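Residue-level listing of the chains:
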Amino acid sequence: MEVNPVNTPHGAVVLIVDGLSAPFIYPELTPHALDGTPLEKSKLENLPKISKESVRILEFRAPQTFTEGGHSVLVTGNPGADSELVSFKDATIFDVLHRKGYLCIAVMEKGDSWSIRAKQDVILRDENNSIKNMKIVLEQAESSSDSLDVPEELLQVMEKAADKAPGYVSSKETRGKYNGYNRWGVETACDIVKYMARNRPEQKYLLTVNVGAVDSSGHHRDNYGYMDCIECLDSEILPLYKLCKENDLAFVFTADHGMGFSKDNSKGGHQSEKFTDTDEAQLVPMIVNAEDIERGILRGEYNQEDFAPTLLGILDIPDRPRFAEGKQILLTGHANLKVELPERGSAELRKNGNVIASLKNDDQFLFLGLEPESTYMIRASLESGKHLEEQEKKLTLETDSVVKFTEKGQKIGENRDNNPESDQNSGKNSTSAAGFLKKDSKASDLSLKNLIGYFVIGLVNLVGIVIIAKILKKG
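Residues numbered from 1 in each chain as written. Predicted model: local features only at pLDDT ≥ 70, side-chain atom pairs only at ≥ 80, totals over all residues. Heavy atoms only, no water.

(A) Looking closely at the pairing of strand β10 (residues 286-289). Residues M286 and V288 of β10 are buried on one face, and the alternating residues I287 and N289, pointing to the opposite face, are buried as well. One ladder, built from two bridges, connects strand β2 (residues 55-61) with β10; its direction is antiparallel. Looking across to β10, one finds that R56 is bridged to I287. Of the strand pairs in this sheet, strand β7 (residues 249-254) and β10 are connected by four bridges, and their pairing is antiparallel. Within the sheet, the bridge partner assigned to T254 lies in β10 and is M286. (Buried < 20%, exposed > 50% of the residue type's maximum accessible area, 1.4 Å probe, protein only. Helix = DSSP H or I, 4+ residues; strand = E, 2+ residues; numbered from the N terminus. Pairing = 2+ DSSP bridges.)

(B) View of the sheet that holds strand β11 (residues 296-303). Spatially, nine strands are ordered β5-β4-β3-β6-β1-β7-β10-β2-β11 in an open sheet, and the strand pairing comes out mixed. Strands at the two margins of the open sheet, each flanked by one partner only, are β5 (136-140) and β11. Here the strands of the sheet are splayed against their neighbours by 15° on average, with no regard to which way each runs. The pairing of strand β3 (residues 103-108) with strand β4 (residues 122-126) spans four bridges and is parallel. Following the sheet pairing, M108 is matched in β4 by R125. (Axes fitted to C-alpha atoms, helices over the stretch in contact; angles between N-to-C directions.)

(C) The packing of helix α8 (residues 213-220) against helix α9 (residues 223-234), seen in detail. Closest axis-to-axis distance for the α8/α9 pair is 8 Å, and the angle between their directions is 165°. When the axes of α8 and α9 are compared, the pair comes out roughly antiparallel. At the point where α8 passes α9, the crossing takes the right-handed sense. Between α8 and α9, the contacting residues are A213, V214, S217 and G218 on the first element and G225, Y226, C229, I230 and L233 on the second. Here the contact of α8 with α9 is composed, by residue class, of six nonpolar, three polar and no charged. (Parallel < 35°, antiparallel > 145°, perpendicular 65-115°, else oblique. Left-handed = near helix turned anticlockwise from the far one by under 90°. Contact = heavy atoms within 4.5 Å. Nonpolar A, V, L, I, M, F, W, Y, C, P; charged D, E, K, R; others polar.)

(D) Broad picture of the packing of aromatic side chains. All chains considered together, the criterion is met by five aromatic pairs. Taking 5.0 Å as the distance between ring centres and 80° as the angle between the ring planes, the aromatic pair formed by F24 and Y226 counts as edge-to-face. Residue F24 is found in the loop between β1 (11-17) and α1 (46-52), and its partner Y226 is found in helix α9; the two are separated by 202 residues along the sequence. The pair formed by F24 and Y226 is uniform in burial state, with each residue classed as buried. (Phe/Tyr/Trp six-rings, centres within 6.5 Å; stacked < 30°, edge-to-face > 60°.)

(E) Examining α9 more closely. Over its twelve residues, α9 runs 17 Å from end to end, which matches the ideal 16 Å to within 8%, given 1.5 Å per residue. With respect to burial, α9 is a largely interior element, ten of its twelve residues being buried. Listed in full, the buried residues belonging to α9 are N223, G225, Y226, M227, D228, C229, I230, C232, L233 and D234. In the core, the buried residues of α9 are packed alongside β1, α1, α7 (174-199), β6 (205-211), α8 and β8 (260-261). The opening residue of α9 is D222, an N-cap whose side-chain oxygen sits 3.0 Å from the backbone nitrogen of Y224. (Expected span 1.5 Å × (residues − 1). Polar contact = N/O pair within 3.5 Å; in protein donor to acceptor, adjacent residues only side chain to side chain.)

(F) Summary view of the environment of A290. Residue position: A290 is located in the loop between β10 and β11. Placed 282 residues apart in sequence, A290 and T8 show a C-alpha to C-alpha distance of 8.6 Å. Not counting residues up to four positions away in its chain, the partners in contact with A290 are P9, A250, R295 and I314.

(G) Inspection of the pattern of salt bridges at higher detail. Throughout the structure, instances matching the rule amount to 26 salt bridges. Across the salt bridge formed by E28 and R56, the nearest N and O atoms sit 2.8 Å from each other. Here R56 lies in strand β2 and E28 lies in the loop between β1 and α1, a separation of 28 residues in the sequence. E28 gets classed as partly exposed once you look at its relative accessible area, which sits at 33%. R56 gets classed as buried once you look at its relative accessible area, which sits at 7%. Here D95 and K119 are joined by a salt bridge, their closest N and O atoms 2.9 Å apart. With D95 in helix α4 (residues 93-99) and K119 in the loop between α5 (114-118) and β4, this residue pair connects regions lying 24 residues apart in the sequence. (Salt bridge = Lys/Arg side-chain N within 4 Å of Asp/Glu carboxyl O.)

(H) Focus on the state of the cysteines. One pass over the full model with this rule turns up zero disulfides. C244 carries a free sulfur, and the closest cysteine sulfur to it, the one in C190, is 8.1 Å from it. (Disulfide = S-S within 2.5 Å.)

(I) Examining the pairing of β3 more closely. Burial analysis of β3 places six of its six residues in the buried class, the great majority of the element. When β3 meets β6, the two strands line up parallel, connected through six bridges. Each residue of the ladder has a partner; that of I105, found in β6, is L207.

Right, dumping it as structure tokens:
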């Protein structure tokens, strides 16, 4: 129920620019080399235009400054995430969106770890991860209860894009190769958006796009080549942005990590110890456009693990990935509330003693367009007449939240929202990445003990064999 009108996007396109450092593109920031030298920034035309129509988060910091880590954090909302954590059930935004009927499509030149690939319905990826020897392959997820059927015509569009890929990097000039590598990713994304708008207008979807030439420029060229590659990408992205606006898709522009340089006219890095703690490696852009998004610059300190709950919030989905620790950045000006019951029943929402919304005949209810920082009373009952542990719950809604009711005497795990008030009303999430890592540690200890045991047994057997051999020799 829309308590107040909302304009939920029909889906989202997330453009992840591998290795793009915010200080090289944000006017408020200045990039510096490790020796303290101020570095020249990219001269941009389109990103400033897009930013004026969007929200731009000024400080958005990556906790892991390498490709696998950055992508894993983005999709899970967990600051310590890796490919293994991504593979867990319900661990990613893709898992949440699949449950909501979204198709998950990806075009990834980098960041396509095995576990991220497995979460897509269909993906194009560079099997060689090489600008010089680009080899794009098309992969589909194995059929499961969560996966959706990928339209045959969409597969044809993506196969055609894969066949054309080598032509984008055929230039003999270094600049042309790098620019073509990024252009292939952006133009392929445009082709997919056009197809979906024309042939599957009813299907909601998430298109994840990673372009990899900016990162490669930082490593293999110098800071001037890096800056030039950013400028070339800037000249390519406006058509994709416009397609998103025309087709009611949220447009999200970000990066997995940044890039640092030791001195002017040097090759860059981001993962080694000397770079990893720098603003140039940690600060990445975050620019979001959607109809309900409030425009302007958002100041304050935010982290990459906030990305997953924020993206779901833009799509008006209160659910969170299983191990998410990040907090939703409320960009829409409204909050949403999901109410879960143990069986079919009804839920009533009150504000200042007045009933403002009421739903029944289900076990899950979604109230959209609520006022942030407002206090609400939720009253619930079951059709069967069974008693609930609590009949009413009160919460101050700061961001999207999930509130769960249980039958009297029944225990329940914590809801997965990030709202402190809701935590008090619904218990605490017992599943966390810390628990995941702790289990791994215990497993390692157990494996070590088993290994020692096997060694002792082997040693005893070996001694026994030697003794028997001596006895037989004497005999």
